[in-house]
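One letter stands for each residue in the lines below.
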Amino acid sequence: MTRRAPCDLLVHSASEVFTAAGGPAGPLWGRDQGRTFPVRDGAVACTGGRIAAVGPTSTLRRRYAPQAEVDAAGGCVIPGLVDAHTHLCFAGDRAREFERRCLGATYQEIAAAGGGILSSVHAFRDASDRQVLAGMRALRRSALLHGTTTMEVKSGYGLSAEQEIRALDLIRRLDDRGDVVPTFLGAHAVPPEFQGRTAAYVKSVCEEMIPEVARRGLARFCDVFCEKKYFDAAQSRTILEAAKAHGLGLRIHADELSSCGGAELAADLGCASADHLLEVSEAGIREMSRAGVIAVLLPATSYFLGMRKFAPARRMIESGVPIAIATDCNPGSSMTENLQQAMAMGCVGLHLTAAEALVAATRNAAWSLGMGPEVGSLAPGMRADLVVLDVPDLRLLPYHHGVNHAAVVVHHGEVVG
Ligand SMILES: [Zn+2]
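Visitor: Looking at this model, I keep getting lost on the overall build of the chain. Mind explaining?
Guide: The helix and strand tally for the chain stands at 16 helices and 16 strands. The C-alpha atoms of the chain give a radius of gyration of 21 Å, which matches the 22 Å a tight globule of 417 residues would have. When its C-alpha atoms are laid out on the principal axes, the chain stretches across 75 × 45 × 45 Å. Classification of the 417 residues of the chain by burial places 60% in the buried group.

Laid out in structure tokens, this is it:
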């Protein structure tokens, strides 16, 4: 008998390991959106924080002598979830505003009355670094226990050069293992000091903030809230072009509340993602497909804002646009860090299958962050991030919703406890 190779951890006896690994490199789209590349009665061997092998339990048991084991006990194993759109760097809460909305006020009415993003800007500026970090760490920890091993975090509640740098610096302090992808969102709203002077604020974002953020290496992406009464398509283009010139990747909040050319702009500039897209035009979908822009859809936001409308995900899939799903975790329009719940809402609101939602929240989300070769699927050499679910059939994940199905989370090859 050949000697078994040592490995740090063997996760075994899964009903299926949904690897999301296979096909051509890159995100999955069209008919492949729901291809999960499963291994029946599967196992995953991990060593040195990386995946050593994925295969049937019987095969890996013969091949490996593990230091530690996790018995998946007939549950599904999936890649660690990747949350590609969060605004975790905030202070305070907006529960009062939420209740007003429940009673009928609209998001725009609340913003006009001094609530909305600007109330979070005041709260962030007034909060100490310790308070903001403690809040972020609690959400990060909770997200991890719900299976989210990688997440993008945006700035955007500082809205001055000093406060945006502070936000990105706090985001940097959240992570030392490459699990948090920082995005500069100085153009989240026009701050109080610049009310009525949007053009001057755009200039400040382009000429003061972006060069400084890039010089300090504080962000991997730049994002813009392209929306009526925030930043129109021309202003968004100016900001994103400045960011591109400074070597930042591009993302965009596009066509959420109105159709304003955000998707077309994303395609034209080669954005990594266009996010929200409830009001995307047919031309916008075509352009995104042609340019390979990933649609990051945020169904938990539709729910939280009491909207009847969700993004036209099936049209995008038919047109060959890769779909990702994220939480949009933020204090105003989506106060949840539970990506499993966003996937469930994606099945109901975006009309996705469980398999399509899984690919959306793993492999495609990872590619939207430029991290596809590292996380989001289970294959040898990838980061050993995976989740053992307490359900034997993937369809039970969105079906039995509102609870945490992560029985075991493995992060960098270590069981999170
Ligand atoms: Zn957002």
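Visitor: Any chance you could explain helix H7 (residues 198–216) here in plain terms?
Guide: Since the α-helix advances by 3.6 residues per turn, residues separated by three or four positions end up pointing in the same direction. The first and last C-alpha atoms of H7 sit 26 Å apart over 19 residues, in line with the 27 Å expected at 1.5 Å per residue. Of all the bends found along H7, the most pronounced is centred on Met 209 and spans about 35°, while Pro 211, a proline, follows it within four residues. Every buried residue belonging to H7 is among Tyr 201, Val 202, Ser 204, Val 205, Cys 206, Met 209, Ile 210 and Val 213, and all of these are buried. In this fold, the buried residues of H7 make contact with helix H6 (161–173), strand S8 (180–187), strand S9 (221–224) and helix H8 (233–245).

Visitor: Quick question: what am I supposed to make of the layout of surface pockets here?
Guide: Leftover empty space is mapped by rolling, across the atoms, a probe with the size of a water molecule. Counted as a void, the largest pocket has a volume near 350 Å³. If you trace the largest pocket, you find 14 residues lining it, with Ala 111, Leu 118, Gln 195, Lys 229 and Tyr 230 closest to the centre. Sort the elements by how many residues they give to the lining of the largest pocket and helix H3 (residues 107–112) lands first, with three residues. Taken together, the residues that form the lining of the largest pocket break down as seven nonpolar, six polar and one charged. In this structure, the second largest pocket encloses a volume near 300 Å³. Lining the second largest pocket we find 13 residues, and of these Arg 140, Leu 144, Leu 174, Asp 179 and His 411 sit closest to its centre. Sorting the residues of the lining of the second largest pocket by element identifies helix H5 (129–145) and strand S16 (414–416) as the ones contributing at least two each. Counting residues per element, the lining of the second largest pocket draws most heavily on H5, at four residues. Each residue belonging to the lining of the second largest pocket can be placed in one class, and the counts come to four nonpolar, one polar and eight charged.

Visitor: Would you take a moment to explain the packing of aromatic side chains for this structure?
Guide: Given two aromatic rings, their pairing is described by the distance between the two centres and the angle made by the two planes. Scanning the entire structure with this criterion turns up four aromatic pairs. Plain terms: the ring middles of Tyr 201 and Phe 231 are 6.3 Å apart, the flat faces sit at 35° to each other, and that makes the pair tilted. Residue Tyr 201 is located in helix H7, and its partner Phe 231 is located in the loop between S9 and H8; the two are separated by 30 residues in the primary sequence. The exposure classification of Tyr 201 matches that of Phe 231, with both residues buried. Every member of this aromatic cluster is reached through a ring pair, and the members are Phe 194, Tyr 201 and Phe 231. Positioned above the aromatic ring of Phe 221, the side-chain terminus of Arg 251 is 4.5 Å from the ring centre.

Visitor: What should I look at first to understand the coordination of the zinc ion in this one?
Guide: Metal coordination angles in their ideal form are 109.5 degrees for the four-donor tetrahedron and 90 or 180 degrees for the six-donor octahedron. Around the zinc ion, the donor atoms from the protein are His 85 (NE2), His 87 (NE2), His 253 (NE2) and Asp 328 (OD), and they sit 2.0 to 2.8 Å away. One can describe the donor arrangement at the zinc ion as irregular, given that its four donor atoms subtend angles of 76 to 165° at the metal. All donor residues of the zinc ion come from one chain, and their arrangement in sequence is H-x1-H-x165-H-x74-D. For the residue pair His 85 and His 87, the accessibility class agrees, reading buried in each case.

Visitor: Got a minute to help me understand the sheet that holds strand S7 (residues 148–154) in this structure?
Guide: Note on sheets: strands pair through backbone hydrogen bonds, and any given pair is parallel or antiparallel. Taken together, the eight strands give an open sheet; going across it, the order is S6-S7-S8-S9-S10-S11-S12-S13, and neighbouring strands pair in parallel fashion. Two strands in the sheet have a free side with no partner beyond their single neighbour: strand S6 (81–83) and strand S13 (323–325). Each neighbouring strand pair of the sheet contributes to a mean axis angle of 25°, computed without reference to strand direction. Pairing of strand S12 (residues 294–297) with S13, which is carried by three bridges, proceeds in the parallel orientation. Across the sheet, Ala 295 pairs through a bridge with Ile 323, a residue of S13. Its contacts with the sheet place H7 against S8 and S9, and it is angled at close to 150° to S8. Here helix H14 (residues 354–361) sits on the sheet and contacts S6 and S13; the angle it forms with S13, its principal contact strand, is near 80°.

Visitor: Hey, could you run me through the environment of Thr 238 in this one?
Guide: Mapped onto the elements, Thr 238 comes out in helix H8. The sequence separation of Thr 238 and Lys 203 amounts to 35 residues, and the corresponding C-alpha distance is 8.9 Å. When near neighbours in sequence (up to four residues on either side) are disregarded, Thr 238 contacts Val 202 and Cys 206.

Visitor: Can you help me understand the pattern of salt bridges in this one?
Guide: Pairing between side chains becomes possible if they bear opposite charge and their charged atoms approach one another. If you walk through the whole model with that rule in mind, you get 23 salt bridges. Across the pair Asp 32 and Arg 35 runs a salt bridge whose closest N-O atoms are separated by 3.8 Å. We note a salt bridge from Glu 207 to Lys 203, for which the minimum N-O separation is 3.1 Å. Note that Glu 207 and Lys 203 are positioned in helix H7 at a spacing of four residues, about one turn of the helix. Looking at Glu 207, the relative accessible area reads 52%, which means it is exposed.

Visitor: Explain the environment of Arg 4 here, please?
Guide: Among the structural elements, Arg 4 can be located in the segment before strand S1 (5–18). The class of Arg 4 is partly exposed, set by a relative accessible area of 38%. Remark: the alpha-carbon pair of Arg 4 and Arg 63, spanning 59 residues in sequence, is separated by 5.0 Å. If near-sequence neighbours (up to four positions away) are discounted, Arg 4 is found in contact with Arg 61, Arg 62, Arg 63, Tyr 64 and Ala 65.

Parameters at a glance
Each residue is numbered by its place in its chain's sequence as written, counting from 1. Only residues with pLDDT of at least 70 are given local features in this predicted model, and only at 80 or more are side-chain atom pairs given and counted; all residues enter the totals for whole chains, interfaces and linings. Excluding hydrogens and water, the side-chain values take into account all heavy atoms of the structure. Numbering of helices and strands starts at the N terminus; helices are DSSP runs of H or I of at least 4 residues and strands are runs of E of at least 2. Each radius of gyration reported is based on C-alpha atoms, and the globular scaling rule is 2.2 Å times the count of residues to the power 0.38. Three labels apply to residues, based on accessible area from a 1.4 Å probe with only protein chains included: buried if under 20% of the type maximum, exposed if over 50%, partly exposed otherwise in between. For a helix, the expected span equals 1.5 Å multiplied by the number of residues minus one. Note that the bend at a residue is defined as the angle between axes fitted to the seven residues ending at it and the seven residues starting at it. Contact between two residues is taken to exist if any of their heavy atoms lie within 4.5 Å; hydrogens are not considered. Using protein atoms alone on a 1 Å grid, points that fit a 1.4 Å probe yet trap it form a cavity, whereas open point sets bounded by protein on both sides within 12 Å along at least five of seven lines form a pocket; residues with an atom within 4 Å of a point count as lining. Grid points are joined across faces, edges and corners, and a volume is the space filled by probe spheres set on the points. Under the scheme applied here, ten amino acids are nonpolar (Ala, Val, Leu, Ile, Met, Phe, Trp, Tyr, Cys and Pro), four are charged (Asp, Glu, Lys and Arg), and all others, including Gly, are polar. Two rings from Phe, Tyr or Trp (for Trp, the six-membered ring) form a pair when their centres sit within 6.5 Å of each other. Planes less than 30 degrees apart are called stacked, planes more than 60 degrees apart edge-to-face, and all others tilted. The criterion is that NZ of a Lys, or CZ of an Arg, lies within 6 Å of the ring centre and within 35 degrees of the ring normal, and then a charge sits over that ring. Think of the donor list as every N, O and S atom within 2.8 Å of the metal, or within 3.2 Å for Na, K and Ca; water never makes the list, so a site can look incomplete. Any coordination sphere not matching a tetrahedral pattern (four donors, all angles between 85 and 135 degrees) or a square planar or octahedral pattern (four or six donors, opposite donors over 155 degrees apart, other angles between 65 and 115) is reported as irregular. Each pair of strands is called paired provided DSSP finds at least two bridges between the two strands. Angles run from 0 to 180 degrees between N-to-C directions of axes, and those axes are lines fitted to C-alpha atoms, restricted for helices to the stretch in contact. By salt bridge we mean one thing: a side-chain nitrogen of Lys or Arg within 4 Å of a carboxyl oxygen of Asp or Glu.

Geometric values such as these leave the question of function open.
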